[in-house]
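# Summary of structural features
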Amino acid sequence: RLLEMSAGLANKKTIGISKLPKGEFPSNIHILKGASTDEATMSRGIGAKVGARKSGKLFSDLTIQTLPKFKDVQASHRHELFKAKLKACCFICNFKDEKADVDLKEQKKNTLLELVDYLNADNTVFNTGVFKSLMVTVNANLFRTLGCGSPQQKSPTLDPDEDEPNLEEAWPHYQVVYELLLRFIMNHEMDPADIRGHLDETFILKMLELFNSEDPRERDYLKTILHRIYGRFMPMRDFIRKSIMNFFLKIAFEYEENNGISELLEILCAIINGFKSPLKDSHIFFLEKALLPLHKVSNLSVFHTQLQN
């Protein structure tokens, strides 16, 4: 009896559907094939926007000229906008030619300053995801080759008391990128363990290369940032000391020329003041192998005050 009833219901459903007028379908069946071209296009457009929001690419197609202001977007989208602005600032302007990229230079500077202002307004932006995007911007803007030629062909190290330094033409951009990096490193909302994954040994070595910049403003930022990294990230202290020692060994036994010796000695002065007695063997080794040989270089007068301290 149950089998007969089931068979009867099945026949009724089949007959019911077959009796519908051609082109019509039951209300509980959705046929996409019959949708109009406009409706299908609209569905794809909505789906694309939703997918972009879910994947964090809400502003991926916008340029530095078309990115909106923070006040013009929802609060939930502002972190993505912050990262989009960082990405847009990876574009390097041509400062060698005064007539090149005139509008972009000003737009990039204003965008970087806008990022600094937003840090003052929203402390939640200090997170690992945003810091990762910042490191891409730092690498694109700051890490570059300084000068050219071999050490023997380079001009003598600048004497700050007598020579006028060659200031970086792109400093209006460099300065704000350094400021952003410093703000993130100093912020206590950032977990050092999370930052450590992006501040690796390669980053430290690239920073040390930049100490040869002729612009004292840049070397001052580098000194502050490296000292802050040393203070906050204890696992990196040993590597930083060894890297500075290797830096001084090159000065003493190979090049004898570098613009950043004074700043690095000032960092060491602050580090050594924190040493406790009795000194570790590694600290004595540093003194004997790295600091004492600096007394024999030809341009000792440039950094003798810092070396005495």
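This text gives an overview of the structure that appears in the document. In this text the structure is predicted, and so the values were computed from the model without any measurement.

Here we take up the pattern of salt bridges. Inspection of every chain in the model, using the stated rule, returns 12 salt bridges. When the shortest N-O distance is used, the salt bridge between glutamate 80 and lysine 83 registers 3.4 Å. With glutamate 80 and lysine 83 both in helix 3 (residues 78-88) and three residues apart, this pair spans about one turn of that helix. Measuring nitrogen to oxygen at the nearest pair gives 2.7 Å for the salt bridge that ties lysine 223 to glutamate 266. Of this pair, lysine 223 sits in helix 9 (residues 216-232) while glutamate 266 sits in helix 11 (residues 261-272), and the two are 43 residues apart along the sequence. Taking the relative accessible area as the measure of exposure, glutamate 266 reaches 31% and is therefore partly exposed. Members of the salt-bridge network, linked through shared partners, are Arg144, Glu168 and Glu218.

Our next topic: the environment of leucine 291. In this structure, leucine 291 sits in helix 12 (residues 281-291). With a relative accessible area of 12%, leucine 291 lands in the buried category. For the pair leucine 291 and leucine 265, spaced 26 residues apart in sequence, the C-alpha separation works out to 9.1 Å. Those residues within four positions of leucine 291 in sequence are excluded, and the remaining contacts are Phe248, Leu265, Leu268, Ile272, Phe286 and Leu307.

For helix 10 (residues 237-253), which comprises 17 residues, the first-to-last C-alpha distance of 24 Å matches the rise-based estimate of 24 Å (1.5 Å per residue) to within 8%. Among all positions of helix 10, only Ile240, Arg241, Ser243, Ile244, Met245, Phe247, Phe248, Ile251 and Ala252 are buried. Where helix 10 is buried, its residues meet helix 8 (201-210), helix 9, helix 11 and helix 12.

Counting residues in hydrophobic clusters, the biggest one holds 78 residues, and the most contacted among them are Phe203, Ile229 and Phe248. When residues of this core are assigned to their parent elements, the largest contribution, 10 residues, is made by helix 6 (residues 171-186). Once residues lying within four places of it in the same chain are set aside, the contact partners of phenylalanine 203 are Met135, Val138, Phe143, Leu181 and Ile229.

Right, let's talk about the packing of helix 3 against helix 4 (residues 102-121) for a bit. For the pair helix 3 and helix 4, the least separation of the axes is 10 Å and the interaxial angle reads 145°. Once helix 3 is placed against helix 4, the crossing between them reads as left-handed. Contacts between helix 3 and helix 4 pair Arg78, His79, Phe82, Lys85 and Leu86 from the former with Thr111, Glu114, Leu115, Tyr118 and Leu119 from the latter. Broken down by class, the residue content of the contact of helix 3 with helix 4 amounts to five nonpolar, two polar and three charged.

Reading guide: rules and limits
Residues numbered from 1 in each chain as written. Predicted model: local features only at pLDDT ≥ 70, side-chain atom pairs only at ≥ 80, totals over all residues. Heavy atoms only, no water. Salt bridge = Lys/Arg side-chain N within 4 Å of Asp/Glu carboxyl O. Helix = DSSP H or I, 4+ residues; strand = E, 2+ residues; numbered from the N terminus. Buried < 20%, exposed > 50% of the residue type's maximum accessible area, 1.4 Å probe, protein only. Contact = heavy atoms within 4.5 Å. Expected span 1.5 Å × (residues − 1). Core = buried A, V, L, I, M, F, W, Y, C linked by side-chain atoms within 4.5 Å. Axes fitted to C-alpha atoms, helices over the stretch in contact; angles between N-to-C directions. Left-handed = near helix turned anticlockwise from the far one by under 90°. Nonpolar A, V, L, I, M, F, W, Y, C, P; charged D, E, K, R; others polar.

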